[in-house]
Amino acid sequence: MGATTLITVAPTGAESAKADVPALPVTLDELVRTAKECEAAGAAVIHVHIRDGDARPTLDLARLRDTVAALREATGLIVQLSTGGAVTDPYEDRLRVLDAAPDGCSLTCGTVNFGDDVFMNPWPFMVELYRRTQELEIVPEFELFDLGQVAALNRLLDKHGAPYGGRVHCDLVMGVPGGMPGDARTLVAAVEALPAGATWSATGVGRTSVPVMLAALSAGGHLRVGMEDTLTYAKGRPVTGNAELVERAAALAGLAQRPPMAPAEARSFLGVRPR
């Protein structure tokens, strides 16, 4: 069990509309301001989705490059780009995300029903994405929505070797309608199936946010929070901003006697190349 807790913030996502969620950071200025606030509150990694001028999800490469540069200039956070995009994004656009040269990226280890939609991650796409991360020296975070995806991760590592940086870090995404439930029993089963030596964080979507945080901390794991995953702070009380979700995660980590990990420590922990 580590002495500190890695906190990742996922501030925007691709699902929520700005019109429905005014506090959602969708412009570059909003994202940079959010990143600074979240770093001050205890985050070490920012998981980034971007929006276009109309606040719609986009994988535009020029915008992605500008976003990576702006976040690096304004913060010490590890910049992790989503390769999931929106459920409608084509595979080639999702692969091209790596050309924006982030520190890390997400790599989802299988297809999952995502509410009414299907989030497609077939095996050949996973392999192509993984091999590109190795070539481009980008650290993948393996996103696992179900126990079958843990098995697929083990298969990927067996066939294609260790990731760049040599550290296997996973994020258990729990509570998605169609994925694994966000409860302690499922979290323990998923952690037991992870590759030997892997580190992990957990994300509780929606109302599973707090139970998953508590379960993860008790099992020695790390945390991912943010408005991509949770829009309600408590029943009937909307989230006012990403920083308050990071503050709550940092407070819980402190209570667990594993306070937030600083970005510099997180770089060596994840095997991210130095800036």
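Not measured: the values here are computed from a predicted model.

## Section: helix H1 (residues 28-41)
Right, so step 1: Compared with an ideal rise of 1.5 Å per residue, which puts 14 residues at 20 Å, H1 spans 20 Å between its outermost C-alpha atoms and is within 8% of the ideal.
Right, so step 2: What H1 keeps buried is the set Glu 30, Leu 31, Val 32, Thr 34, Ala 35, Cys 38 and Ala 41.
Right, so step 3: One or two positions beyond H1, positive phi appears at Gly 42, with a value near 130 degrees.

## Points about the side chain of Ser 201
Right, so step 1: By secondary structure assignment, the location of Ser 201 is in strand E11 (residues 199-204).
Right, so step 2: In this structure the side chain of Ser 201 is engaged in a polar contact, spanning 3.0 Å, whose partner is the side chain of Asp 171.
Right, so step 3: Residue contacts for Ser 201: discarding those within four places in its chain leaves Glu 141, His 169, Cys 170, Asp 171, Leu 172, His 222 and Leu 223.

## Considerations on the nonpolar core
Right, so step 1: If you look at the biggest cluster of nonpolar residues, it comprises 70 residues, and the most contacted ones within it are Ile 46, Phe 142, Cys 170 and Leu 172.
Right, so step 2: Apart from the residues lying within four places of it in its own chain, the contact partners of Leu 172 are Leu 144, Met 180, Leu 187, Ala 190, Val 191, Trp 200, Ser 201, Ala 202 and Thr 203.
Right, so step 3: Core analysis: the next-biggest nonpolar cluster, separate from the first, contains 10 residues, Ile 78, Met 261, Ala 266 and Phe 269 among them.

## Considerations on the packing of helix H7 (residues 209-218) against helix H8 (residues 242-255)
Right, so step 1: Relative to each other, H7 and H8 sit at 35 degrees, their axes nearing to 10 Å. In the packing of H7 onto H8, the handedness of the crossing is right-handed. From H7, Ser 209, Val 210, Met 213, Leu 214 and Leu 217 reach across to H8, where they touch Arg 248, Ala 249, Leu 252 and Ala 253.
Right, so step 2: Broken down by class, the residue content of the contact of H7 with H8 amounts to 7 nonpolar, 1 polar and 1 charged.

## Brief notes about the environment of Phe 269
Right, so step 1: With respect to the helices and strands, the residue Phe 269 is situated in helix H9 (residues 263-270).
Right, so step 2: For the pair Phe 269 and Leu 6, spaced 263 residues apart in sequence, the C-alpha separation works out to 8.9 Å.
Right, so step 3: If sequence neighbours within four positions are ignored, Phe 269 has contacts with Leu 6, Arg 167, His 169, Thr 199, His 222 and Met 261.

## Section: H9
Right, so step 1: What H9 keeps buried is the set Pro 263, Ala 266, Arg 267, Phe 269 and Leu 270. Projected onto a plane normal to the axis of H9, the buried residues spread over an arc of 165 degrees and lie on a single side.
Right, so step 2: Positioned one or two residues after H9, Gly 271 has a phi angle of 75 degrees, which is positive.

## Focus on unusual backbone geometry
Among all residues save glycine, negative phi is the norm, and among peptide bonds the norm is trans.
Right, so step 1: Of note, Ala 101 is a non-glycine position whose phi angle comes to about 55 degrees, a positive value.
Right, so step 2: Relative to the elements of secondary structure, Ala 101 occurs in the loop between helix H3 (91-96) and strand E6 (104-108).
Right, so step 3: Phi angles above zero are rare outside glycine, and Gln 257 is one such case at about 60 degrees.
Right, so step 4: Relative to the helices and strands, Gln 257 is located in the loop between H8 and H9.

## A closer look at the packing of H1 against H8
Helix packing for two helices is described by the angle between their axes and how far apart those axes are.
Right, so step 1: For the pair H1 and H8, the least separation of the axes is 9 Å and the interaxial angle reads 15 degrees. Classified by the angle between their axes, H1 and H8 sit roughly parallel to one another. By crossing handedness, the relation of H1 to H8 is classed as right-handed. Residues Thr 34, Glu 37, Cys 38 and Ala 41 of H1 form the contact with H8, whose own contacting residues are Asn 242, Ala 243, Val 246, Glu 247 and Ala 250.

## With respect to the sheet that holds E11
Hydrogen bonding along the main chain pairs the strands of a sheet, whether they run parallel or antiparallel.
Right, so step 1: The strand order around the closed barrel formed by 8 strands is E1-E2-E5-E6-E9-E10-E11-E12, and the pairing between neighbours is parallel. Neighbour to neighbour, the strand axes of the sheet diverge by 30 degrees on average, direction disregarded.
Right, so step 2: Here strand E9 (residues 139-144) runs beside strand E10 (residues 169-174); their pairing, made up of 4 bridges, is parallel. Pairing of Glu 143 across the sheet is with Asp 171, part of E10.
Right, so step 3: Packing against the sheet, helix H5 (residues 147-160) makes contact with E6, E9 and E10, and its axis sits at approximately 150 degrees to E9.
Right, so step 4: Docked against the sheet, H7 engages E10, E11 and strand E12 (222-225), running at close to 160 degrees with respect to E11.

## Things to note about the pattern of salt bridges
Right, so step 1: Overall, the coordinates contain 13 salt bridges when judged by the stated rule.
Right, so step 2: One salt-bridge network, in which partners are shared between bridges, spans Glu 143, Asp 171, Arg 224, Glu 228 and Asp 229.

What counts, and at which threshold
Residues numbered from 1 in each chain as written. Predicted model: local features only at pLDDT ≥ 70, side-chain atom pairs only at ≥ 80, totals over all residues. Heavy atoms only, no water. Helix = DSSP H or I, 4+ residues; strand = E, 2+ residues; numbered from the N terminus. Expected span 1.5 Å × (residues − 1). Buried < 20%, exposed > 50% of the residue type's maximum accessible area, 1.4 Å probe, protein only. Polar contact = N/O pair within 3.5 Å; in protein donor to acceptor, adjacent residues only side chain to side chain. Contact = heavy atoms within 4.5 Å. Core = buried A, V, L, I, M, F, W, Y, C linked by side-chain atoms within 4.5 Å. Axes fitted to C-alpha atoms, helices over the stretch in contact; angles between N-to-C directions. Left-handed = near helix turned anticlockwise from the far one by under 90°. Nonpolar A, V, L, I, M, F, W, Y, C, P; charged D, E, K, R; others polar. Arc of directions from axis to C-beta. Parallel < 35°, antiparallel > 145°, perpendicular 65-115°, else oblique. Pairing = 2+ DSSP bridges. Salt bridge = Lys/Arg side-chain N within 4 Å of Asp/Glu carboxyl O.

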